[in-house]
Amino acid sequence: MGKINKSSNRLQKLQEDIKQFTKERDWEQFHDPKNLALSLVLESAEVLELFQWTKDNEINPKKKDEIGDELADVFYWVLKLADHYGIDILDALEQKMEHNRKKYPTEKARGKADKYNEL
């Protein structure tokens, strides 16, 4: 339980830092739900771009250092969108994992890439 609380505290601090960062720049006016979702998708595409024109499904070695920055950008927008709707993202992820355990029971899904309704 201590690890979850520590993560939760870090997450709260990050969310407060993001709010302060946004407020100091007067960017709240631009952060409506559509723009938050759009920014999330655009940053996700930048993660995918790191794999463009590569072989063996690996990141271009010249761009390997960039993946942390791009994933942080994605996480930033996830947190902004979750905050906008008052979603506790850790709770939401825990609930989603429980839901996925039911949709993809180990005995049916192990070693398969099939969608839940095709198992």
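Residues numbered from 1 in each chain as written. Predicted model: local features only at pLDDT ≥ 70, side-chain atom pairs only at ≥ 80, totals over all residues. Heavy atoms only, no water.

Draft legend 1. Representation of unusual backbone geometry in the model. Unlike most non-glycine residues, Asp26 shows phi in positive territory, near 55°. Within the chain, Trp53 stands out as a residue other than glycine whose phi angle is a positive 65°. Along the chain, Trp53 turns up in the loop between α2 (33–49) and α3 (67–84). (Helix = DSSP H or I, 4+ residues; strand = E, 2+ residues; numbered from the N terminus.)

Draft legend 2. Just a nonpolar patch on the surface, in detail. Together, Phe21, Trp27 and Phe30 give the surface a local cluster of nonpolar side chains, amounting to about 290 Å² of exposed area. Relative to the helices and strands, Phe30 is located in the loop between α1 (2–24) and α2. Phe30 sits in the partly exposed class, given a relative accessible area of 47%. (Patch = residues over 30% accessible without salt bridge, like charges linked within 9 Å, V, L, I, M, F, W, Y side chains within 5 Å. Areas by Shrake-Rupley, 256 points an atom, 1.4 Å probe, with all protein chains shown as cover. Salt bridge = Lys/Arg side-chain N within 4 Å of Asp/Glu carboxyl O. Buried < 20%, exposed > 50% of the residue type's maximum accessible area, 1.4 Å probe, protein only.)

Draft legend 3. Structural view of the nonpolar core. Ranked by size, the top nonpolar core spans 10 residues in total: Leu11, Ile18, Leu36, Leu40, Val47, Val74, Tyr76, Trp77, Leu79 and Leu81. Breaking this core down by element, the ones donating at least two residues are α1, α2 and α3. Among the elements that make up this core, the one with the highest residue count is α3 (five residues). Once residues within four sequence positions are removed from consideration, Ile18 is found in contact with Tyr76, Leu79 and Lys80. (Core = buried A, V, L, I, M, F, W, Y, C linked by side-chain atoms within 4.5 Å. Contact = heavy atoms within 4.5 Å.)

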